Amino acid sequence: MSTDLITPPAHASADWTIPQDWAAYTPGEHAMWDRLFARQAAMLPSRVVPAFIDGLDVLRMTRPGIPDFDELNARLMKATGWQVVAVPGLVPEEVFFDHLANRRFVAGRFIRTPDQLDYLQEPDIFHDVFGHVPLLVHPVFADYMQAYGEGGLRAAKMGMIDALARLYWYTVEFGLIRDDGALKLYGAGIVSSYGESHFALDDPSPHRIGFDLERIMHTDYRIDDYQQNYFVIDSFEDLLHQTRDADFGPLYDRLRAAPLIPVAEILPTDKVLHAGTQAYARAKVPA
Ligand code: PHE
Ligand code: FE
């Protein structure tokens, strides 16, 4: 595997982690966190899965300023045995999987600057910590993330990282969940984005389709704009059961043979909850 040859930057440990160095954050950086937090906190309670709000409370993330990982980890460890560790930037896939398999979530330590309020290319601490960490307090979601890491190490050996990454994309990053008959957000890529937190639930443009493991692992995705389809799980229990308790080997064999499903396509087998107009995406394509 080529990633074995990649060594961490000189200032990082062998597992690619770095100290968070919380004391080094400037008042401006803390203010940036507060600004992003206030914007999401005003909108999320009615939109996000209740477990996310519970997580913010349990972890005391409602207090001002960038969270100090030492304090956060004391609470997170007590809740589900997870930890957050800082890394310098994107890490090799297998390093990422290995951390997850050991209940460590890797997070960037840097925060976006005011001119990057709504768009940035590399995930910052607001996306990684605000977006991902609250749900690690939920015991079933916590188990899913660990199982995903273990599955990733296995997928790497089988050359199937790309297929498994699509599952991560459409669940951990951009997933929707049914909650008491209503749709709610849980994906970190949505929850940490002001615009997509509205778009994913309320906009008529994107498709909203019932969770289908094999279909998802087969579906292309876009990284440059709002998603054109979202997949809806029934519960975290169901998500965990359908993934951890299945052998992906045969599924990978089928996936290897077939081409990817394009982003906005609806299949006859889809459980369509909302057939999107795709108006948003279409308006952006030059005629
Ligand atoms: N059960 C999967 C496998 O056999 C691993 C996995 C678990 C993948 C949970 C994703 C999420 O490889
Ligand atoms: Fe993320």
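Residues numbered from 1 in each chain as written. Chains lettered and ligands numbered in written order. Predicted model: local features only at pLDDT ≥ 70, side-chain atom pairs only at ≥ 80, totals over all residues. Heavy atoms only, no water.

## Focus: the side chain of Ser 192
Position of Ser 192 among the secondary structure elements: in the loop between helix H8 (188-191) and helix H9 (194-202). The exposure class assigned to Ser 192 is buried, which follows from its relative accessible area of 9%. Within the local environment of Ser 192, its side chain forms a polar contact with the side chain of His 127, the two groups lying 2.9 Å apart. (Helix = DSSP H or I, 4+ residues; strand = E, 2+ residues; numbered from the N terminus. Buried < 20%, exposed > 50% of the residue type's maximum accessible area, 1.4 Å probe, protein only. Polar contact = N/O pair within 3.5 Å; in protein donor to acceptor, adjacent residues only side chain to side chain.)

## Observations concerning the coordination of the iron ion (ligand 2)
Four donors placed tetrahedrally around a metal ideally meet at 109.5 degrees, and six donors placed octahedrally ideally meet at 90 or 180 degrees. Around the iron ion (ligand 2), the donor atoms from the protein are His 127 (NE2), His 132 (NE2) and Glu 173 (OE), and they sit 1.9 to 2.1 Å away. Read in sequence order, the donor residues coordinating the iron ion (ligand 2) give the pattern H-x4-H-x40-E. (Donors = N, O, S within 2.8 Å, 3.2 Å for Na, K, Ca; no water.)

## Some words on the packing of helix H4 (residues 93-101) against helix H6 (residues 139-157)
Packed helix pairs are characterised by how far apart their axes lie and by the angle those axes make with each other. Direction vectors running N to C along H4 and H6 enclose 145 degrees, while the axes themselves pass 7 Å from each other. Two packed elements cross with a definite hand, and for H4 against H6 that hand is left-handed. Residues Glu 94, Phe 97, Asp 98, Leu 100 and Ala 101 of H4 pack against Met 145, Gln 146, Tyr 148, Gly 149, Glu 150, Gly 152, Leu 153 and Ala 156 of H6. Across the contact of H4 with H6, the residue classes tally to 7 nonpolar, 3 polar and 3 charged. (Axes fitted to C-alpha atoms, helices over the stretch in contact; angles between N-to-C directions. Left-handed = near helix turned anticlockwise from the far one by under 90°. Contact = heavy atoms within 4.5 Å. Nonpolar A, V, L, I, M, F, W, Y, C, P; charged D, E, K, R; others polar.)

## With respect to empty space enclosed by the protein
Under the criterion given, the structure shown has 1 cavity of 30 Å³ or more. By volume, the largest cavity is sized at about 40 Å³. Gly 131, His 132, Leu 135, Phe 141, Val 172, Tyr 186 and Ala 188 together form the lining of the largest cavity. (1 Å grid on protein atoms, 1.4 Å probe; cavity = no way out; pocket = protein on both sides within 12 Å on 5 of 7 lines; lining within 4 Å. Points joined across faces, edges and corners; volume = space filled by probe spheres on them.)

## A look at the site of ligand 1
Neighbouring ligand 1 are Tyr 144, Ala 147, Tyr 148, Gly 151, Arg 154, Leu 164, Leu 167, Thr 243, Arg 244, Ala 246, Asp 247 and Phe 248. Between ligand 1 and the protein, one listed contact pairs a nitrogen atom with a backbone N or O atom of Thr 243 at 2.8 Å. With respect to ligand 1, the backbone of Ala 246 contributes an N or O atom lying 2.6 Å from a nitrogen atom. In the complex, the protein chains occlude 93% of the 330 Å² of accessible area that ligand 1 would expose alone. Among the cavities detected, the one that contains ligand 1 is the second largest pocket. Elements represented by at least two residues in the shell around ligand 1 include exactly H6, helix H7 (161-173) and helix H11 (236-244). Broken down by element, the residue count for the shell around ligand 1 peaks at 5 residues, all from H6. In the shell around ligand 1, the residues fall into 7 nonpolar, 2 polar and 3 charged. (Near = heavy atom within 4 Å. Areas by Shrake-Rupley, 256 points an atom, 1.4 Å probe, with all protein chains shown as cover. Sits in = over half its atoms within 2 Å of the grid points.)

## So, unusual backbone geometry
Located in the positive-phi region is Arg 60, a residue other than glycine, with phi close to 55 degrees. Positionally, Arg 60 belongs in the loop between helix H2 (50-58) and helix H3 (69-80). On the basis of relative accessibility, which here comes to 43%, the residue Arg 60 falls in the partly exposed class. Residue Arg 103 is not a glycine yet carries a positive backbone phi of 60 degrees. Within the fold, Arg 103 resides in the loop between H4 and strand E2 (104-108).

## Some remarks on the sheet that holds strand E3 (residues 176-179)
Ordered by their spatial adjacency, 5 strands build an open sheet running E4-E3-E6-E5-E7, and the pairing between neighbours is mixed. With one partner strand each, in any of the chains shown, strand E4 (182-185) and strand E7 (272-274) form the two edges of the open sheet. Across the sheet, the mean angle from the axis of one strand to that of its neighbour is 35 degrees, orientation sign disregarded. As paired elements, strand E5 (residues 207-210) and E7 share 2 bridges and run antiparallel to each other. Each residue of the ladder has a partner; that of Ile 209, found in E7, is Val 272. Set on the sheet, H9 makes contact with E3, E4, E5 and strand E6 (229-233); between it and E4 the angle comes to about 155 degrees. (Pairing = 2+ DSSP bridges.)

## So, the packing of aromatic side chains
Within a pair of aromatic rings, the relevant descriptors are the distance that separates the centres and the angle that separates the planes. Scanning the model with the defined rule gives 21 aromatic pairs in all. Measuring from centroid to centroid gives 5.0 Å for Tyr 148 and Tyr 168, while their planes differ by 50 degrees, and the two rings are tilted. In this pair, Tyr 148 sits in helix H6 while Tyr 168 sits in helix H7, placing the two residues 20 residues apart along the sequence. On the accessibility criterion, Tyr 168 (9% relative accessible area) is buried. Each residue in the set Trp 33, Phe 37, Phe 52, Phe 126 and Phe 130 is aromatic and connected to the rest through ring pairs, giving one cluster. Seen from the ring of Tyr 25, Arg 109 lies directly overhead, with NZ or CZ sitting 4.3 Å from the centre. (Phe/Tyr/Trp six-rings, centres within 6.5 Å; stacked < 30°, edge-to-face > 60°. Lys NZ or Arg CZ within 6 Å of the ring centre and 35° of its normal.)

By themselves, these figures tell us nothing about what the structure is for.
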